[in-house]
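The primary structure of each chain is shown beneath.
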Amino acid sequence: MVTTVPSALTRVLDGVDLTVGVARRAVLRAGARLPLPSGAASLVYIAEGTVQGHPPLNTGCRLDVDRVSTLIEIDERPADSALTVGDAFLTLGRTAFELEADGRADLVVFDLEFSDVAQRLVAGLPDPVTVTAFDALEPAAAALAGSMGPTDPPGSPARQGDQLICRMMAQTVLLSVIRAWAANGCAPEGWPSASPDPFLDRVVAAIHEQPGREWTVESLANVGAMSRSAFAERFRHAIGRSPADYVTEVRVEAAKRLLSAGRSVSETSRELGYASDEGFSRAFRRRTGMTPSAWRASQHAAVPA
């Protein structure tokens, strides 16, 4: 069993940000299938019934939780691939899956799109991630998941939710699934890590912890205990971009969280170390195609909750 360092897990969870997190409800009759195509990340919570996976969901690490004692067992080769009420299933879209209902089944499906930074943080996760008895491990998150997604026909008066709130709710459920899976022994060796280089991991952690610091290549190289030239080359090779580009990317993702929380453009600019609002706006627009104020306004469009 691999033990995940709590501080490392916290850093990864803090960096998992969604750009889209829409919940929908899928009610299946016996024998009906829910396709989950490749290339799209989805989180499924089983609110009612039992489903089988195609291909079978019997590979990788799976948490099996006794609902009465909440004792946890790690099953590396589960014989039963069925998912039942209270189970959660996350696919990152590397392989197409279908979920087939044994009888009537009610599934809450979250369609996920990760931010650029989050995509690299979740890259080390296997596909799929399965947590049985998720409702026993994370009862609050499971209750939230079970209440989401419009029904068809609606079981209650139509609701309109703020896109930001819906995304945050989806993110809460997602992070709870990852935490339950990783904190209880299913994480692969070396996870979480942004690179195979522990010295670079130290640098990446510092950037995420202090995105507003006046980072230079030299100061980042010092964090990694490397020369300036060696650091720049190793960073680009491992992370796939220059240190300056990565710092900007992390700042923009942090800016989105601050703006979503109600911070002004000026407050966000100062907190993230920009010398002027104009410089911050230019950097934000290059990354997102929108000004900070326009991006914030776009997050409050009405969508079904």
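What you see is a predicted model; the values in this text were computed from it and never measured.

Let us look at the confidence of the model for the protein. Summarising the model, the protein shows a mean pLDDT of 79, and 75% of its residues fall at 70 or more. pLDDT under 50 marks residues 152-160. Its contacts with residues more than four places away, or in other chains, come to 6 contacts.

So, about the side chain of Thr91. Considering the arrangement of structural elements, one finds Thr91 in strand E8 (residues 88-91). Judged by relative accessible area, which is 1%, Thr91 ranks as buried. Within the structure, Thr91 has its side chain in polar contact with the backbone nitrogen of Gly93 (distance 3.2 Å). In this structure, Thr91 is in contact with Leu36, Ala40, Ala41, Ser42, Phe97 and Asp127, ignoring residues within four places of it in sequence.

What follows covers the packing of helix H9 (residues 243-260) against helix H11 (residues 277-288). Two elements in contact, H9 and H11, have axes whose closest approach is 10 Å; the angle formed by their N-to-C orientations is 95°. When the interaxial angle is binned, H9 and H11 end up roughly perpendicular. Counting all contacts with H9, which are made through Asp245, Thr248, Glu249, Val252, Ala255, Lys256 and Leu259, the residues of H11 involved are Phe280, Ala283, Phe284, Arg287 and Thr288. Looking at the contact of H9 with H11, its residues break down into 6 nonpolar, 2 polar and 4 charged.

Looking now at the packing of aromatic side chains. Per the stated rule, a full pass over the model turns up 7 aromatic pairs. Relative to Phe280, the ring of Tyr274 has its centre 5.4 Å away and its plane inclined at 50°; by these criteria the two rings are tilted. Note on accessibility: Tyr274 and Phe280 belong to one class, buried. Taking 6.1 Å as the distance between ring centres and 75° as the angle between the ring planes, the aromatic pair formed by Phe284 and Trp295 counts as edge-to-face. Here Phe284, found in helix H11, pairs with Trp295, found in helix H12 (residues 292-298); they are 11 residues apart in sequence, far enough to count as distant.

As a further point, take the nonpolar core. Core analysis: the biggest nonpolar cluster contains 33 residues, and Leu43, Leu90, Phe110, Leu112, Phe114, Phe134 and Leu174 have the highest contact counts within it. If you list the elements that add at least two residues to this core, you get strand E1 (18-28), strand E3 (41-48), E8, strand E10 (105-114), strand E11 (129-131), helix H4 (139-146) and helix H5 (163-186). Looking at this core, the element that brings in the most residues is H5, giving 9 residues. With 16 residues, the next largest nonpolar core counts Leu28, Leu36, Val51 and Val109 among its residues.

This part is about the pattern of salt bridges. Under the counting rule described, the total for this entry stands at 13 salt bridges. For Arg241, the salt bridge goes to Glu249, with nearest N and O atoms at 2.3 Å. Where Arg263 meets Glu271, a salt bridge forms, and the shortest distance between an N and an O atom there is 2.4 Å. Note on Glu271: relative accessible area 41%, which makes it partly exposed.

Attention now moves to the sheet that holds strand E9 (residues 97-101). Reading across the sheet, the 4 strands line up as E2-E9-E4-E7 and stay open at both edges, with antiparallel pairing between neighbours. Strands with a single pairing partner mark the edges of an open sheet, and in this sheet they are strand E2 (33-36) and strand E7 (83-84). Note that strand E4 (residues 50-54) and E9 share 4 bridges and pair antiparallel. Among the inter-strand pairings, Val51 is bridged to a residue of E9, identified as Ala101.

So, how was this worked out
Residues numbered from 1 in each chain as written. Predicted model: local features only at pLDDT ≥ 70, side-chain atom pairs only at ≥ 80, totals over all residues. Heavy atoms only, no water. pLDDT = per-residue confidence, 0-100. Contact = heavy atoms within 4.5 Å. Helix = DSSP H or I, 4+ residues; strand = E, 2+ residues; numbered from the N terminus. Buried < 20%, exposed > 50% of the residue type's maximum accessible area, 1.4 Å probe, protein only. Polar contact = N/O pair within 3.5 Å; in protein donor to acceptor, adjacent residues only side chain to side chain. Axes fitted to C-alpha atoms, helices over the stretch in contact; angles between N-to-C directions. Parallel < 35°, antiparallel > 145°, perpendicular 65-115°, else oblique. Nonpolar A, V, L, I, M, F, W, Y, C, P; charged D, E, K, R; others polar. Phe/Tyr/Trp six-rings, centres within 6.5 Å; stacked < 30°, edge-to-face > 60°. Core = buried A, V, L, I, M, F, W, Y, C linked by side-chain atoms within 4.5 Å. Salt bridge = Lys/Arg side-chain N within 4 Å of Asp/Glu carboxyl O. Pairing = 2+ DSSP bridges.

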